[in-house]
Amino acid sequence: MAEIYDVVIIGAGPAGLTATIYALRGGLKVLTIECAGAGGQMLQTYAVDNYPGLPGISGIELGEKMNEHAVSLGAKIISENVVDVRFEDFRKMVVTDKGEYETKNIIIATGASHAKLGIAREEELAGMGVSYCATCDGAFYQGADVAVVGGGDVAVEDAIFLANSCANVYLIHRRDSLRAAKGVKNQLRNHENIHIIWDSVVESLEGEFELEGLKVRNLKTQEVMELPVEGMFVAVGINPTTDLFSGIVEMDEKGYVKAGEDCRTSIPGIYAIGDARKKPLRQIVTAVADGANAIESLLRDR
């Protein structure tokens, strides 16, 4: 007889791992599926300064600790790609590239992916000078000139991180003020090698086989300048990874799953947590809270 799970958790970032821990402690039969390694986007964070009690811990270390906690409770975490979700005679089936899993409940913890600039040759030069993770790839550019595109917390944090090892960091922002938190912006003053290029966008990427420079256009004057950099780090936001559930649960216009603080979606037995859920603040601490709330809702709904 096929194994039937109480809940299948799709994603093992901080939200998915917390849900796994709470589900196991609640006596549920749990399967957690992750396609890119337990820890999610946490693994791309150099230092997590706002997680209570653990200031300055690296994202990799925090992800490892959460994963170890879940495994110590007997977590079953498999590395597979979920390709479909089906409903058959009141059963929920999660289909991966390696098998099918029947479950009574599903938790969407699929997170989000980095938004792209959408300019020519961006994908072609990805990994050849174009990057979406400064903490992952910054070490390749020690002593070089690089650019960071964006104006939020992540962009400013990336610029500060890169300034510690790169010769010059050009922070390119399409507006005339940064959206980053005040505390983060204040840290910019400590780095004379960070240069902000206001009211500007990247117009084109230069270099045949690897990035050799950018053409940057000022949106107010339309003037185009050439910026000789070896690396460009894009930090212009994230997009929810929720296509799998399009047409199944209610979403907003950006693709975030509509679910309240109880994490219940429009479909009974399906819950949404972490960066995939529509909410005002997406941080590790709010993802962890979602994981706990979703399991509490699930246990009440049984």
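Each remark here, short or long, concerns the structure printed above.
Residues numbered from 1 in each chain as written. Predicted model: local features only at pLDDT ≥ 70, side-chain atom pairs only at ≥ 80, totals over all residues. Heavy atoms only, no water.

### Digging into the overall build of the protein
In step 1: In terms of helices and strands, the protein carries six helices and 19 strands.
In step 2: A compact globule built from 302 residues should have a C-alpha radius of gyration of about 19 Å, and the protein, at 21 Å, falls within 12% of that.
In step 3: For the protein, the spread of C-alpha atoms along the three principal axes comes to 65 × 40 × 30 Å.
In step 4: In the protein, of all internal contacts separated by at least 6 residues, the share reaching a separation of at least 24 is 56%.
In step 5: For the protein, the exposed area adds up to about 14900 Å²; of that, 49% sits on carbon and sulfur atoms.
In step 6: Computed over 29 positive and 43 negative side-chain charges, the separation of the two mean positions in the protein equals 8 Å. (Helix = DSSP H or I, 4+ residues; strand = E, 2+ residues; numbered from the N terminus. Rg over C-alpha atoms; globule rule 2.2 N^0.38 Å. Contact = heavy atoms within 4.5 Å. Areas by Shrake-Rupley, 256 points an atom, 1.4 Å probe, with all protein chains shown as cover. Lys, Arg positive; Asp, Glu negative; His and termini not counted. Charge placed at Lys NZ, Arg CZ, Asp CG, Glu CD.)

### What about the state of the cysteines?
In a disulfide, the sulfur atoms of two cysteines are held together by a covalent bond.
In step 1: According to the stated counting rule, one finds zero disulfides in the structure shown.
In step 2: Of the cysteine sulfurs around cysteine 166, a residue in no disulfide, the closest is that of cysteine 133, at 13 Å.
In step 3: Relative accessible area serves as the criterion here: at 5%, cysteine 166 is assigned to the buried category. (Disulfide = S-S within 2.5 Å. Buried < 20%, exposed > 50% of the residue type's maximum accessible area, 1.4 Å probe, protein only.)

### Details of unusual backbone geometry
In step 1: Of note in this structure, aspartate 199 is not a glycine but carries a positive phi near 50 degrees.
In step 2: Note on placement: aspartate 199 falls in the loop between strand 13 (194-197) and strand 14 (200-206).
In step 3: A positive phi is found at cysteine 263, a non-glycine position, where the angle reads about 70 degrees.
In step 4: Note on placement: cysteine 263 falls in the loop between strand 18 (238-240) and strand 19 (270-272).
In step 5: By relative accessible area, which is 0% here, cysteine 263 ends up buried.

### Points about the packing of aromatic side chains
In step 1: This structure, assessed with the given rule, holds one aromatic pair.
In step 2: Centroid distance tyrosine 141 to phenylalanine 233: 5.6 Å. Interplanar angle 85 degrees. Geometry classified as edge-to-face. Residue tyrosine 141 is found in the loop between helix 3 (134-137) and strand 11 (145-149), and its partner phenylalanine 233 is found in strand 17 (residues 231-234); the two are separated by 92 residues along the sequence. Neither tyrosine 141 nor phenylalanine 233 differs from the other in exposure class; each is buried.
In step 3: Positioned above the aromatic ring of tyrosine 5 is the side chain of lysine 29, whose terminal nitrogen or guanidinium carbon lies 5.9 Å from the ring centre.
In step 4: It is lysine 116 that lies over the ring of tyrosine 132; its NZ or CZ is 5.1 Å from the centre. (Phe/Tyr/Trp six-rings, centres within 6.5 Å; stacked < 30°, edge-to-face > 60°. Lys NZ or Arg CZ within 6 Å of the ring centre and 35° of its normal.)

### Quick notes on the packing of helix 1 (residues 14-25) against helix 2 (residues 59-72)
In step 1: Interaxial distance between helix 1 and helix 2 falls to 9 Å at its minimum, and their mutual angle equals 25 degrees. The orientation of helix 1 with respect to helix 2, classified from their angle, is roughly parallel. In the packing of helix 1 onto helix 2, the handedness of the crossing is left-handed. Contacts from Pro14, Leu17, Thr20, Ile21 and Leu24 in helix 1 reach Gly63, Met66, Asn67, His69 and Ala70 in helix 2.
In step 2: A class-by-class count of the residues in the contact of helix 1 with helix 2 yields six nonpolar, four polar and no charged. (Axes fitted to C-alpha atoms, helices over the stretch in contact; angles between N-to-C directions. Parallel < 35°, antiparallel > 145°, perpendicular 65-115°, else oblique. Left-handed = near helix turned anticlockwise from the far one by under 90°. Nonpolar A, V, L, I, M, F, W, Y, C, P; charged D, E, K, R; others polar.)

### Notes on the layout of surface pockets
In step 1: In this structure, the second largest pocket encloses a volume near 230 Å³.
In step 2: A breakdown of the residues in the lining of the second largest pocket according to their chemical character gives seven nonpolar, four polar and four charged. (1 Å grid on protein atoms, 1.4 Å probe; cavity = no way out; pocket = protein on both sides within 12 Å on 5 of 7 lines; lining within 4 Å. Points joined across faces, edges and corners; volume = space filled by probe spheres on them.)

### Examining the sheet that holds strand 6 (residues 91-96)
In step 1: With respect to topology, four strands assemble into an open sheet ordered 1-7-6-5, the strand pairing being mixed. One side of each edge strand has no neighbouring strand; the edge strands of this open sheet are strand 1 (4-5) and strand 5 (82-88).
In step 2: In the sheet, strand 5 pairs with strand 6 via six bridges, with the strands oriented antiparallel. Each residue of the ladder has a partner; that of arginine 86, found in strand 6, is methionine 93. (Pairing = 2+ DSSP bridges.)

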